[in-house]
Structures are given as structure tokens and as C-alpha cells.
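Understanding the architecture of this molecule
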Amino acid sequence: MYKNILVPIAIGHEPNTATALDVARTLLGDGGKITALSVIEAIPSYIRSYLPEGQEEKSYRDVRDALDKELAGTEGVIPVVLTGHPGREILDYAQKHEVDCIVIASHRPGFQDYFLGSTAAWVVRHTPCAVHVVR
Ligand code: ADP
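Let me begin by describing the structure that accompanies this report. Predicted, not measured: the structure shown is a model, and the values here were computed from it.

Mapped onto the elements of the fold, Ser38 is located in strand 2 (residues 28-41). Note on Ser38: relative accessible area 1%, which makes it buried. For Ser38, the residues in contact, after removing those within four places along its chain, are Ile9, Ile11, Val63, Leu67, Val80, Val81 and Leu82.

Dropping the structure here:
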């Protein structure tokens, strides 16, 4: 059905990740691809100068390792790690790479009282492509 699906993954949301990837696989047409994107929240520049040298590179490696672990056992999912505002980076990536569907969990586990989490709401409101919200 869809050719290019993006699954944003917040590291530490493990129960939702497996479900979101299953949904993405179900929605994927023949020859399509799935990308898993984790965004590291950008550190404001006034704080960055107080960080030990190499801290940002270490955060990148840690998130990349955690993403690889979450994807272990799932074949053919392309891992991507970016830094910035999660909602904006997800939209930007989707537009630049001609994503035709985003599969996103509605909120963090334990926050079921909210209709949509902040990142999920941002993506649903701003993205021009289809969005499948996993509840
Ligand atoms: P909450 O506001 O309750 O934390 P979110 O809307 O942030 O809920 O999280 C819902 C979903 O949004 C996550 O399961 C994930 O798909 C996506 N998401 C949130 N933060 C990130 C992030 N930093 N990188 C990638 N995806 C994210």
C-alpha cells in the first residue's frame, strides 16, 4: 500500500515500538521501505558549553546503539538518528525523503489519559502525508 514508511521511535518506549513496526509492515506495499527515526533533543547552546568534551558524540552513539537494540530481530528497517526538535525533525525528514506514511504511537506508556502526546499531536497536525496513530 505505502512505499516509504517512517516510524519515529522514542528510545525507552519499547512496548510501542514493536507494535508500531508491526503496523508499518502491514501497511507496506511490495518493494517499499521502512525507516526508524530517533531524534535526540537538541541541547541549548548556553548549556552545551558546560558539557564535557565529546558528550554530544557519546549521546549520539548511545541512542544509535539503543535504536539498533530496539530493531534487533526486525529485518530491513533502516535506522536513522538526528538531533533537534523531535516533531520538526520528523516532519523535515518525511518531506525531504518523500515519506508517504508515518506510523506513530499516540503517547508515552502511562500517559493514557491524554488524547495525543506532544510529538504525536505535532506530527498529526503538521504533516502533509498519511499518519497512522497506534493506540
Ligand atoms: P508524550 O508527549 O506523552 O511523551 P509523544 O507524543 O512525545 O508522547 O510520543 C509519542 C510518539 O512520538 C513516540 O512513541 C514516538 O513514536 C514519537 N516520538 C516522541 N519523541 C520522539 C523522539 N525523540 N524521536 C523520535 N520519535 C519520537
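That was the structure; now back to the text.
Summed over all chains, the structure comprises 5 salt bridges. Residues Arg48 and Glu56 are paired through a salt bridge, measuring 3.4 Å at the closest nitrogen-oxygen approach. On the basis of relative accessibility, which here comes to 38%, the residue Arg48 falls in the partly exposed class. Salt-bridge contacts for Lys58 lead to Asp62; the nearest nitrogen and oxygen are separated by 2.8 Å. Taken as a pair, Lys58 and Asp62 lie in helix 3 (residues 55-71) at a separation of 4 residues, close to a single helical turn. On the basis of relative accessible area, Lys58 is assigned to the partly exposed category, the value being 39%.

The subject of this paragraph is helix 4 (residues 86-96). Within helix 4, the full set of buried residues consists of Pro86, Gly87, Glu89, Ile90, Leu91, Tyr93 and Ala94. A positive phi of about 55° marks Glu98, the residue just after helix 4.

With that out of the way, let us pick up the environment of Arg135. Inspection of the secondary structure puts Arg135 in the segment after strand 5 (130-134). The class of Arg135 is exposed, set by a relative accessible area of 65%. Remark: the alpha-carbon pair of Arg135 and Ala105, spanning 30 residues in sequence, is separated by 6.2 Å. Arg135 has contacts with Ser106, Phe115 and Leu116, leaving out every residue within four places of it along the chain.

Pairing is parallel across the open sheet formed by 5 strands, whose spatial order is 3-2-1-4-5. Of all the strands in the sheet, just strand 3 (77-84) and strand 5 have a single pairing partner and so form its edges. If you compare each strand with its neighbour and ignore which way they point, the axes differ by 25° on average. Here strand 1 (residues 2-8) pairs with strand 4 (residues 101-105) via 2 bridges, running parallel. By the bridge assignment for strand 4, Ile5 is matched with Cys101. Lying on the sheet, helix 3 is in contact with strand 2 and strand 3; it crosses strand 3 at an angle near 150°. Its contacts with the sheet place helix 5 (residues 118-126) against strand 4 and strand 5, and it is angled at close to 155° to strand 4.

About the cut-offs
- Each chain carries its own residue numbering, running from 1 in the written order of its sequence.
- This being a predicted model, a pLDDT of at least 70 is required before a residue's local features are given, and a value of 80 or more before pairs of side-chain atoms are given or counted; all residues contribute to the totals for chains, interfaces and linings.
- Computation of side-chain values: all heavy atoms of the structure, hydrogens and water removed.
- Under the DSSP-based scheme used, a helix requires at least four consecutive residues in state H or I and a strand at least two consecutive residues in state E, with every element numbered from the N terminus.
- To sort residues, take the accessible area from a 1.4 Å probe on protein chains only and compare it with the maximum for the residue type: under 20% means buried, over 50% means exposed, and anything in between is partly exposed.
- In this description, contact between two residues means that some pair of their heavy atoms is separated by no more than 4.5 Å.
- The term salt bridge refers to a pairing of a side-chain nitrogen on Lys or Arg with a carboxyl oxygen on Asp or Glu at a separation within 4 Å.
- Paired strands, as defined in this entry, are two strands with at least two bridges between them according to DSSP.
- As a rule, the C-alpha atoms of each element are fitted with a line to give its axis, helices using only the stretch in contact, and angles between N-to-C directions run from 0 to 180 degrees.

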